[in-house]
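Structural description and commentary
What follows is the residue order along each chain.
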Amino acid sequence: MSVSSDTRSISVIRARFSAAGLPTLGAASALLAWWTATTVFNVSSFFLPSPADIMTAFRKQPEYLLRESWVTMTETLIGFGIAAASGLLIAMVLTASSVIQRATLPLLVALNSIPKVAIAPLLVVWMGFGQGPKITLVLLICFFPVVVSTMSGLTSTPADFGELARSLSASWWRVYFKVRLPWALPQIFVGLKVAISLAVIGAVVAEISNPDRGLGSVIVLSGQSFDTPLAFTALVLLALMSVMLFYVICAVERLLLPWARAISA
Amino acid sequence: MIKIVGVSRTFQTRKGSVEALRNVDLDIGDGEFVAVIGRSGCGKSTLLRLVAGLISPTAGEVLIGGTPVGKPRRDVSMMFQQPALLPWRSVLDNVLLPIEMFGWRRSRHAERARHLLDMVGLTDFQSRLPHELSGGMQQRVALCRALIQQPRVLLMDEPFSALDALTREELAGELQRIHTDLKATTIFVTHSIQEAVLLADRVVVLSARPGRIRKIIDVAIPRPRSFSRSTHLAEVSSIVADLHELLLDIEDNRDALAAAPGRAPAGLRS
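Counting of residues starts from 1 at the beginning of each chain's written sequence and follows it residue by residue. Think of it this way: whatever chain is written first is A, whatever ligand is written first is 1, and the rest follow in order. Side-chain atom pairs in this predicted model are given and counted only at pLDDT of 80 or more, local residue features only at pLDDT of at least 70, and totals for whole chains, interfaces and linings cover all residues. Values reported for side chains reflect all heavy atoms of the structure, with hydrogen atoms and water molecules removed beforehand.

A few points about the interface of chain A and chain B
How big an interface is tends to be reported as the loss of accessible area on association of its parts. The test is simple: Two residues qualify as a contact provided that any one of their heavy atoms is within 4.5 Å of a heavy atom in the partner residue. Reported buried area values correspond to the accessible surface (1.4 Å probe) lost by two parts on association, with both partners' losses combined. By convention in these notes, a salt bridge is any Lys or Arg side-chain nitrogen within 4 Å of a carboxyl oxygen on Asp or Glu. Think of a polar contact as two N or O atoms within 3.5 Å of one another; within protein, one of them needs to be a possible hydrogen donor and the other a possible acceptor, and neighboring residues in sequence only count if both atoms come from side chains. Helix numbering and strand numbering both begin at the N terminus, where a helix is a DSSP run of H or I of at least 4 residues and a strand a DSSP run of E of at least 2. Only Asp, Glu, Lys and Arg are considered charged in this grouping, and only Ala, Val, Leu, Ile, Met, Phe, Trp, Tyr, Cys and Pro are considered nonpolar; every other residue, Gly among them, is considered polar.
Facing 18 residues of chain A, the contacting portion of chain B comprises 21 residues. For chain A, the biggest contributors to the area lost against chain B are Leu164(A), Leu168(A) and Lys178(A); these three give 29% of the whole. Inspection of the region where chain A meets chain B yields two salt bridges. For the interface between chain A and chain B, the tally reads four residue pairs in polar contact (both at pLDDT 80 or more). Looking at the side of chain A that touches chain B, the elements with two or more residues in it are helix H7 (159–167), helix H8 (172–209) and helix H11 (258–263) of chain A. Of the residues in the side of chain A that touches chain B, the class split is 11 nonpolar, two polar and five charged.

Section: the environment of Gly87(A)
Residues and elements named next belong to chain A. The condition that has to hold: Accessible area is worked out with a 1.4 Å probe on protein chains only. A residue is then buried under 20% of its type maximum, exposed over 50%, and partly exposed in between.
Structurally, Gly-87 is set in helix H3 (residues 62–96). The buried category is assigned to Gly-87, whose relative accessible area is 0%. For Gly-87 and Ala-110, which are 23 residues apart along the polypeptide, the C-alpha to C-alpha distance reads 16 Å. If sequence neighbours within four positions are ignored, Gly-87 has contacts with Ile-82, Phe-143, Val-146 and Val-147.

Points about the nonpolar core
We apply this condition: Nonpolar core, defined: a set of buried Ala, Val, Leu, Ile, Met, Phe, Trp, Tyr and Cys residues in which side-chain atoms within 4.5 Å join the residues together. Throughout the structure description, domain borders are defined by an automatic or database domain assignment.
Counting 84 residues, the largest nonpolar core has Ile4(B) and Leu155(B) as the members making the most contacts within it. The element that contributes the greatest number of residues to this core is H8(A), accounting for 14 residues. Each of domain 1 (1–75 + 152–250) and domain 2 (83–150) of chain B contributes no fewer than three residues to this core. Here Ile4(B) is in contact with Val24(B), Asp25(B), Leu26(B), Leu47(B), Val51(B), Glu61(B) and Val62(B), once residues within four sequence places are set aside. If you look at the next biggest cluster of nonpolar residues, it comprises 51 residues, including Phe33(B), Leu92(B), Leu116(B) and Ala142(B).

Focus on H7(A)
Inspection of H7(A) places Phe161(A), Glu163(A), Leu164(A), Ala165(A) and Ser167(A) among the buried residues, and these make up the whole buried set. On its buried side, H7(A) packs onto H8 of chain A together with helix H1 (44–52), strand S6 (76–79), helix H3 (97–102) and helix H5 (135–147) of chain B. Positioned one or two residues after H7(A), Ser169(A) has a phi angle of 40°, which is positive.

Looking at the confidence of the model for chain B
Convention followed: Per-residue confidence from the prediction method is given by pLDDT, with values spanning 0 to 100.
With 91% of its residues at a pLDDT of 70 or more, chain B shows a mean pLDDT of 84. Across chain B, element-level confidence peaks in helix H2 (residues 91–95) of chain B with a mean pLDDT of 95 and bottoms out in helix H10 (residues 266–269) of chain B with 40.

Quick word on the sheet that holds strand S1 (residues 2–13) of chain B
Residue and element names in this part refer to chain B. Put simply, the test is: If DSSP finds at least two bridges between two strands, the strands pair. All axes are obtained by fitting lines to C-alpha atoms, using only the stretch in contact for helices, and the reported angles, taken between N-to-C directions, cover 0 to 180 degrees.
Ordered by their spatial adjacency, four strands build an open sheet running S2-S1-S4-S5, and the pairing between neighbours is antiparallel. If you trace the sheet from one side to the other, it starts and ends with strand S2 (16–28) and strand S5 (67–68), each paired once. As defined by bridge partners, strand S4 (residues 59–64) adjoins S5 across two bridges and the pair is classed as antiparallel. In the strand pairing of S5, Leu-63 is matched with Pro-68. Each of S1, S2 and S4 is contacted by H1, which is oriented at about 115° to S1, the strand it contacts most.

Some details on the sheet that holds strand S8 (residues 185–190) of chain B
Residue and element names in this part refer to chain B. If you trace the six strands from one edge of the open sheet to the other, you get S6-S7-S8-S3-S9-S10, paired in mixed fashion. Since the sheet does not close on itself, it has two edges, and those belong to S6 and strand S10 (213–218), each with one partner. In this sheet, neighbouring strand axes are inclined to one another by 15° on average, regardless of whether the strands run parallel or antiparallel. In the sheet, S6 pairs with strand S7 (residues 153–157) via four bridges, with the strands oriented parallel. The residue of S7 that forms the bridge with Met-79 is Met-156. Each of strand S3 (33–37), S6, S7, S8 and strand S9 (202–206) is contacted by H1, which is oriented at about 150° to S7, the strand it contacts most.

Examining the domain arrangement of chain B
All names here are of chain B. We note that the domain assignment places domain 1 (1–75 + 152–250) and domain 2 (83–150) within chain B. One C-alpha centre belongs to domain 1, the other to domain 2; they are set 25 Å apart. Summed over both sides, the interface of domain 1 with domain 2 buries roughly 1,300 Å², with 65% coming from carbon and sulfur. On the surface where domain 1 and domain 2 come into contact, there are two salt bridges. Salt-bridge contacts for Glu-170 lead to Arg-140; the nearest nitrogen and oxygen are separated by 2.9 Å. Counting across the interface, domain 1 meets domain 2 through six residue pairs in polar contact (both at pLDDT 80 or more). Every element with two or more residues in the side of domain 1 that touches domain 2 is listed here: S7 and helix H6 (165–182).

Here we look at the packing of H3(A) against helix H4 (residues 98–112) of chain A
All names here are of chain A. Stated formally: For this classification, under 35 degrees means roughly parallel, over 145 means roughly antiparallel, 65 to 115 means roughly perpendicular, and everything else is oblique.
The N-to-C vectors of H3 and H4 enclose an angle of 130°; their axes lie 6 Å apart at closest approach. As judged from the angle between their axes, H3 and H4 are oblique. For the pair formed by H3 and H4, the contact residues are Val-93, Leu-94, Thr-95 and Ala-96 on the first element and Ser-98, Ile-100, Gln-101, Thr-104, Leu-105 and Leu-108 on the second.

Right, here's the structure in full:
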C-alpha cells in the first residue's frame, strides 16, 4: 500500500517537473549561456547586452516599459479577438455551402498571400494614426490560420458519427451544433495558438512602421538613440508576452477540452 | 413486423456495377430475434441499411409495421460495429443523444437512461467520459443509446466484432437478457456462428455475392441459453455443424476457385 502510494507520488512529482520544471530549466540554461558568453568574451553592451544589462535597463524606467507593453498587449488582444470571431464565422459559412466556398476560397488565399508588412504603411494612409491601423494589421495577420483550421476541423467529422446522425434522422442544425462543431474544437484551438503568436508579431510590425506607442515603437526609438539594452528589454518583454498569451490559450483548451488530449495518441 | 419483399440492391462504382443483394424475401415477426450470417461481402450490412432506411432498394420493398421504409424512422434504432460515442459527452449524455436529436424533452427520458445503464452494469460510470471506459463498456453504452427511444426494431451490425472473445460472450449474454425483457424485433448481423445460435430464433444464411438467402435455420432451443455447459448440447452442436457446412460448403468453394484460379478457397485458408 505504502509502496504503491510512494511510487504514485513520485510519478506525480515527475509529471509536475516535466510540466513546469523542464521549461524553467531550459530557459534558465539559455540565460546562463547568454550571460556567460557576454562576460567571458567581454562583449560590449552596445553590441550585445547581457541579461544583467537588460535588468538594469528595465529598472531604470519600469513604469514606462510596462505602459508600452500594455499598449501592445491591447492591440494584440483586440485584433486577435476580432480575428478569432470573424475567422470562426467565415469558416462556418464556407463549410456550410460548397457554392460559397468555391466562389470565395481562392480569393481568400490570394488575399492572404499579400505581405502584411507591405500594407502597414497603407493602413496608416487609410486609417490615420493611433491604434486603429495596428489592430487592423493584427486582425489581417491572424485571421487566416483561424479560418483554415476551423474549416479543416468542421470537415473532418468521422464517418461513424455521420452514419449515426443519419440513422437518427437528425436535422442539419442539430448535427452541426451537437456533433460537427464540438468535434472541430481541438482543430480550432490549433489555429488560435498559431494566430496568437502571429498577433504579437502583427502588433509590433504595425508599431515599427508607424511608431508612437507600444513596444515596437520603443525598439525604433531606442535604435535611434543607440540604446541597445533598452531595445533588448523591449524584445524580452515581447517574448514574455507571447509566451504568456500562448499558454493562456493552452490552459483554456485543456480546461474546455479534456477529452481531446485523451483520444489523441 | 418487418417484411422484406423481393429486395435487390446494386451499387454503381467507378469500375461498373456491383450486385450486393438479389431477390431477398424475409418475414420477421413481432419481437423475433433474427441473426443474419454470411461471409464478408455477402451483403449483410447492405440488408441492414436497407431496413434502416439509410439506403433504398434497387428493386423490391421493405415494410415495417405495414408501412414502406423510405428514410430512417424513430422507432427503428441502429447499433454499429464501432461504439461511435461522442468523446466530449459523458456516458449519460451519450445515451440521451437520440432524445436531443429528436428534439424530445431530456428530463422525461433521463430516468430511463439511468435504468438502461443500470441494466448493463454502468450505474457508477454515468458521468465518466467515453475514453475512460473499456471497449466492452463503450459498446454497452452504445447499446443503451440504441434502446433509449424504445425502438420497435433494433438493427445490429456486427456490434461485438471489435471486442475480445470473453467480452463478446459476456455482451451476448447481456443482449439475450435485454431482448427477453424489452422484446424489440431484432436483426443481428454477425460473423459468429456461436453468437447466432446463442441469440437468434432464426438464423438467415446468406450466400456470397450477390447476397441471396441460402437457408433459414430455426433455433428451437429454449431460453435462457448459454455458451457453457447446456442441457441442449446435442441440438446446439447439430445447428452449429449445419451452419458450418452451409458457410464453408463445397459449392461456394468451387465458385471461389472458378473466380480466382490457382488460389486456395477462402474457407480453406482460414
